[in-house]
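Fold and contact review
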Amino acid sequence: RLMIQDPLNQRRSGGPLSYQVLMEHLDILRVECDEASSCVSGVVSVAVPPKLQTPIVAPVMALVTELEVCCASVRARHSQYEAGQAWEDTLEPVDLDQHFATQQITKRFLDLSGANQTKTVVEVWLDEAAVEHEKNEAFKSRARTPAANYDTFVRMGTAVSQFEPVVKFHVMGRDEDQDEEEEAVLPPPMCGSPAAAWAELGAVQIEIAASRDDAPLAATKVWPALCLDDYELRMMAVCDAQSKFLHPAPPAPPAGKGQPAAAAAAADSPEEQPDEEEVESASASEVRQGRATLEEVVRRSLAALDFVVARRALVSLVFRAYGELDAERAFQHLVMLQSVDVFVRSLEIVETCMPREHPEFVWVRQLKALQRRWLNAPELPTYIDARTSLMESSPMGDRLFSLATLPPVSELLATHIAPGTLVVSLQLHSNSLYVGAVCTVADAAATPKYFVKRVAMNEMDVFVRARRLGEINTEIEREMRLAPGFSAAMEDQYAQVCSEMDRLLSPIFQQLELSFWPLSRFVKHDSNPQRMVLLPDSSLAAFPLERLASVTRMFVDTPAEKICRDLSFHLHVYRVKDLLETVDRSSLADSLPGVSSDKFKMIVDPFAEDTLRPTEPEGSQTMFELLESLEGEKICAGGLTGKRWIASPEDFTKVLVESQAVVYLGFGKFLSAMGSGSALAALDLRHLPILCSVCRCINDTAFRRQTKGDSMKTPALLGVELFYSFSLLASMRGVRALLFTVNPLPIPAAMKVADAISRNMVTEGMTLAQALAAVFAQTVDSSQYRLLPPGGG
């Protein structure tokens with residue numbers, strides 16, 4: 001009760017929910033865990049039978065083991081919060097009001113006065129990032145003491161031994177009863193307390209290895225700071241490559257000619273091989289065992305859809321086990337961690353908006369209930385039936401199990417991603433931005449180049465600017481209620497926030513440019529990336545990363561066509577999985593199927609809210625007239641519009657089910673016009689390749705309708721309507737390609753976008769990316785569309 005009431009009282013009284021408050025509540029929980037642990041020996045001596053035959057675990061021992069896992073998790077979280085509190089004490093008080101978001105700019109990379117006047121923005125940024133990195137490492141290194149680590153290790157070892165009969169029974173039972181094909185599809189599942197015990201055991205093994213004197217997993221080795229030396233070395237490597245390209249070295253003489261006798265003898269003699277029987281050090285053995293334990297936990301917990309345990313293991317693998325010591329494995333686990341976060345959010349959306357009688361909702365709830373009540377839940381026939389039904393009959397289940405059923409990330413890069421694609425993952429965790437990148441190659445047998453780096457980045461810098469973008473969008477909607485466009489002042493404020501984020505991220509993308517363009521972006525080379533897929537997490541999703549100058553400058557020609565984003569790597573693979581059955585990956589980017597007019601439909605102004613304003617010229621085209629013109633030219637096979645009848649959720653469902661490409665042009669948000677996310681969450685849209693939502697137009701009528709509808713929805717339902725959650729929901733329902741507006745648009749601009757995309761895809765045969773690139777190169781024709789106000793374009 002205290003843990004629930006005190007944070008609410010803090011918020012009501014204006015106090016912050018800080019690490020100090022969390023530490024107070026965690027201390028209470030730790031005391032309760034210690035008191036409960038003191039009763040273990042008495043309960044076990046009374047309630048456990050003297051003899052048990054395997055594979056049986058006494059219920060009391062299962063309860064005690066779950067308590068030990070909980071205590072280990074509390075201790076780990078306590079050390080984490082303690083480090084966070086120490087870091088929090090060093091911060092200056094920050095005001096998060098609108099003045100701070102608009103007037104103050106982060107000084108660590110923009111203050112070029114005084115001593116920093118001779119340095120570039122990148123140099124100042126790198127110097128300050130190195131200092132911030134050292135500060136963060138000083139606090140993050142305050143992990144559990146060696147004594148606490150060994151105590152947790154012993155406790156988790158005991159817990160694992162208690163669950164050993166159940167875990168062995170899983171493997172042996174599946175090997176005897178299942179055929180090889182089924183075993184190859186899904187690894188042996190493990191969930192609940194056994195999986196959590198193994199995850200804590202692997203995590204503490206990594207911590208023990210990192211705390212040794214000869215630690216190969218020291219924080220400075222796993223994730224070294226990004227300093228000015230790295231930047232200069234990469235610049236020197238590019239200049240050296242350019243010099244060799246312009247002035248090739250003369251060919252080397254044949255072997256044995258022109259060489260001294262000693263050199264020739266040394267060339268002919270075999271190299272001395274290291275002693276293979278060298279004794280492995282204790283820390284190296286702990287590292288190997290910890291990595292193997294955590295990877296096995298990830299593999300088996302994902303097969304049981306236990307994303308909480310999988311995330312615990314992946315966090316240790318990404319942040320403590322690999323890093324820059326093994327860039328390939330670090331990238332693989334980094335994108336898996338991002339996919340796990342995405343799938344956790346998708347399950348939250350299912351709990352929020354999916355109809356309770358829907359079969360997928362019933363299956364997911366049944367799996368969770370069985371995991372909570374049974375230690376060997378994956379062996380139960382009910383569990384197996386529900387899991388099989390979810391995998392075979394559900395678009396969401398097919399994607400949820402993708403982390404366990406798909407090949408490893410390295411194999412997916414060689415088989416499912418087009419050659420020359422630069423995949424960039426951006427994730428913000430604990431005031432650090434983790435960047436992982438790889439550029440695919442044409443030869444599937446060759447090893448691509450990987451890049452991983454951790455950069456110190458204050459989460460407050462990102463949070464404040466994301467909130468400011470939302471405030472600007474709200475102000476724009478208020479202006480557009482009574483005017484055909486928005487003022488130039490709003491446009492300037494939006495551009496300022498984007499410029500600040502561009503300065504925050506520009507050194508990172510400059511590092512990527514130096515790493516993957518051997519001769520710089522201005523010189524053509526076979527190794528140059530041809531396209532880019534950005535994978536930002538939810539904290540960075542609100543920013544127009546595809547349009548930032550630091551990103552677009554990496555591609556000299558048509559950057560809008562070569563840059564896209566996705567929610568996670570595994571969802572991106574699923575979008576092209578079916579296409580690769582008929583198309584080779586080398587021609588995947590140029591062989592996307594076109595859109596036929598007979599399967600292309602539009603949803604235009606479903607509530608008949610588009611009317612000409614008194615200030616607009618007579619004869620201007622409305623949304624309904626645009627739909628009529630597209631239907632008359634046989635570009636669109638039909639459309640749903642409020643001018644014919646007011647649309648209902650069933651009408652939206654019919655259009656989405658019967659079409660292969662849908663363009664929505666209207667006011668407000670797509671899910672708000674559809675009624676709620678429940679209707680979309682119940683659909684199977686694996687037949688729908690393209691969904692475009694050109695929305696966020698506004699006028700007074702639409703504003704009143706949307707405000708009234710939002711007042712009757714819970715905050716969770718309103719959160720599903722935001723573009724990140726909406727794109728995730730549509731992707732989990734099977735939609736391959738998504739395009740929708742994030743910010744409010746004037747009606748003429750929205751009409752031009754919908755018209756240009758429709759014509760380019762149907763008549764010109766363009767892909768969605770090509771159609772979008774063509775949109776950016778067009779302007780609004782005042783003879784066909786309404787006149788834009790000054791500064792509103």
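The rules behind each value
Positions within a chain are numbered from 1, following the residues in the order the chain's sequence is written. Restriction of local features to residues with pLDDT of at least 70 applies here, the model being predicted, together with a cutoff of 80 or more for giving and counting side-chain atom pairs; totals for whole chains, interfaces and linings are based on all residues. As a rule here, side-chain values come from all non-hydrogen atoms in the structure, and water together with hydrogens is ignored. Here a helix means four or more residues in a row that DSSP labels H or I, a strand means two or more in a row labelled E, and each is numbered from the N terminus. The contact criterion used throughout is that any non-hydrogen atoms of two residues lie within 4.5 Å. Only the protein chains shown count as cover for residues, and all accessible areas are computed by the Shrake-Rupley method using a 1.4 Å probe. In summary, the pairing rule links any two rings of Phe, Tyr or Trp, Trp by its six-membered ring, whose centres are within 6.5 Å, and it sorts them by plane angle into stacked for under 30 degrees, edge-to-face for over 60 and tilted for everything else. For every residue, the accessible area obtained with a 1.4 Å probe (protein chains only) is divided by the maximum for its type, and the residue is called buried under 20%, exposed over 50%, and partly exposed between those limits. Grouping buried Ala, Val, Leu, Ile, Met, Phe, Trp, Tyr and Cys residues that are joined through side-chain atoms within 4.5 Å yields what is termed a nonpolar core. The rule for a salt bridge is simple: a side-chain nitrogen of Lys or Arg has to be within 4 Å of a carboxyl oxygen of Asp or Glu. Within 3.5 Å is the distance limit for a polar contact, defined as a pair of N or O atoms, with the added protein rule that one can donate a hydrogen and the other accept it, and that residues adjacent in sequence qualify only through two side-chain atoms. Only strands that DSSP links by at least two bridges are regarded as paired with each other. Helix axes use the C-alpha atoms of the stretch in contact, all axes being lines fitted to C-alpha atoms, and the angles between their N-to-C directions lie in the range 0 to 180 degrees. Helix span is expected to be 1.5 Å times the residue number reduced by one. On a range of 0 to 100, pLDDT expresses the predictor's confidence in each residue. If the strands point away from the viewer and the path from the first strand over the helix to the second runs clockwise, then the crossover is right-handed.

Before going further, it helps to spend a moment on the overall build of the protein chain. Summing up its helical and strand segments, the protein chain has 35 helices and ten strands in all. Of the contacts made within the protein chain by residues no fewer than 6 positions apart, 77% connect residues no fewer than 24 positions apart. When the accessible surface of the protein chain is summed, it comes to about 37,000 Å², and 55% of that surface belongs to carbon and sulfur atoms.

If you walk through the whole model with that rule in mind, you get eleven aromatic pairs. Seen in terms of ring centroids, Phe319 and Tyr434 are 4.7 Å apart; in terms of plane orientation they differ by 25 degrees. Their pairing is stacked. Of the two residues, Phe319 sits in helix H15 (residues 307–321) while Tyr434 sits in strand S2 (residues 432–439), which places them 115 residues apart along the sequence. Owing to a relative accessible area of 2%, Tyr434 belongs among the buried residues under this scheme. Aromatic pair Phe652 and Phe670: ring centres 5.9 Å apart, planes at 85 degrees, arrangement edge-to-face. Residue Phe652 is found in helix H28 (residues 649–658), and its partner Phe670 is found in helix H29 (residues 670–674); the two are separated by 18 residues along the sequence. No difference in accessibility class separates Phe652 from Phe670, as the two residues are buried. Connected via pairs of aromatic rings, a cluster forms that spans Phe652, Tyr664, Phe670, Phe723, Phe726 and Phe740.

Grouped together as the largest cluster of nonpolar side chains are 114 residues, with contacts concentrated most on Phe569 and Leu656. For this core, the element with the most residues is helix H16 (residues 327–353), which contributes 13 residues. Setting aside anything within four residues of it in sequence, one finds Leu656 in contact with Val662, Phe670, Met674, Leu680, Leu683, Leu685, His687, Leu688 and Leu691. Grouped together as the second largest cluster of nonpolar side chains are 72 residues, Leu428, Leu540, Phe543 and Ile747 included.

Our next topic: the pattern of salt bridges. With the rule as written, the count across this model stands at 30 salt bridges. For Glu351, the salt bridge goes to Arg365, with nearest N and O atoms at 3.9 Å. Within this pair, whereas Glu351 is found in helix H16, its partner Arg365 is found in helix H17 (residues 359–373), the two being separated by 14 residues in sequence. A relative accessible area of 26% means that Glu351 is categorised as partly exposed. For the salt bridge of Glu500 with Arg465, the shortest nitrogen-to-oxygen distance reads 2.8 Å. A residue pair is termed long-range when its members are at least 10 positions apart, and Glu500 in helix H23 (residues 488–516) and Arg465 in helix H22 (residues 459–482) qualify at 35 residues. Across this residue pair, the class does not change: Glu500 and Arg465 are buried.

Turning next to the environment of Asp584. With respect to the helices and strands, the residue Asp584 is situated in the loop between helix H26 (569–577) and strand S6 (600–604). Asp584 sits in the partly exposed class, given a relative accessible area of 46%. Placed 168 residues apart in sequence, Asp584 and His416 show a C-alpha to C-alpha distance of 9.2 Å.

Attention now moves to the side chain of Asn699. Tracing the sequence through the fold places Asn699 in the loop between strand S9 (690–697) and helix H31 (700–711). Residue Asn699 is classed as buried on the basis of its relative accessible area, which comes to 6%. Here Ala702 takes part through its backbone nitrogen, which lies 2.9 Å from a polar atom of the side chain of Asn699. Once residues within four sequence positions are removed from consideration, Asn699 is found in contact with Met480, Arg481, Glu609, Asp610, Arg613 and Phe667.

Here we come to the sheet that holds strand S3 (residues 449–456). Spatial strand order, S3-S2-S1-S4-S5: five strands in an open sheet with mixed pairing. The open sheet has two edge strands with one neighbour each: S3 and strand S5 (563–565). Strand-to-strand twist of the sheet, defined as the mean angle between neighbouring strand axes without regard to direction, takes the value 15 degrees.

With respect to the helices, strands and loops of the structure, Glu360 is situated in helix H17. Filtering out sequence-adjacent residues up to four positions away, Glu360 remains in contact with Met354, Leu390, Ser394, Pro395, Met396 and Arg733.

Right, let's get into the pairing of S2. Along S2, eight of the eight residues are buried, which leaves the element largely enclosed by surrounding structure. In S2, alternate side chains face the same way, and those of Ser432, Tyr434, Gly436 and Val438 on one face and Leu433, Val435, Ala437 and Cys439 on the other are all buried. Here eight bridges tie strand S1 (residues 421–429) to S2, and the two strands are oriented antiparallel to one another. What sits directly across from Gln427, in S2, is Tyr434. Taking the residues that link successive antiparallel strands as the turn, the S1-S2 hairpin has two residues, and the phi of Ser430 there is positive, at about 50 degrees. Here S2 pairs with S3 via eight bridges, running antiparallel. For Gly436, the partnering residue across the bridge sits in S3 and is Val452.

Helical geometry: 3.6 residues make up each α-helical turn, so side chains three or four residues apart lie on a common side. The terminal C-alpha atoms of H17, which comprises 15 residues, lie 21 Å apart, in line with the 21 Å expected from a rise of 1.5 Å per residue. Along H17, the residues classified as buried are Glu360, Phe361, Trp363, Val364, Leu367, Ala369, Leu370 and Gln371.

Across the protein chain, the average pLDDT comes to 78, with 75% of residues at 70 or higher. This model gives residues 788–793 a pLDDT under 50, and the stretch forms twelve contacts once residues within four places in sequence are excluded.

Right, let's get into the sheet that holds strand S7 (residues 639–641). An order of S7-S6-S8-S9-S10 is seen for the five strands of this open sheet, with the pairing classed as parallel. Each edge of the open sheet carries a strand with a single partner, namely S7 and strand S10 (737–740). For this sheet, the mean angle separating the axes of adjacent strands, direction not counted, is 10 degrees. In this sheet, S7 lies alongside S6 in parallel orientation, the contact comprising three bridges. Directly across from Ile603, in S7, lies its bridge partner Leu640.

Our next topic: the pairing of S6. Across the five residues that make up S6, a large majority, five, are buried. Relative to strand S8 (residues 661–667), S6 runs parallel, the two being bridged by five bridges. Bridge pairing in S8 links Val604 to Leu665. After leaving S6, the chain enters helix H27 (residues 623–632) and then returns to the sheet as S7, a path that is right-handed.

Another aspect to go through is unusual backbone geometry. At Ala608, a position not held by glycine, the phi torsion is positive, near 55 degrees. Looking at the secondary structure, you find Ala608 in the loop between S6 and H27. A positive phi angle is found at Arg696, which is not glycine, with a value near 70 degrees. Within the fold, Arg696 resides in strand S9.

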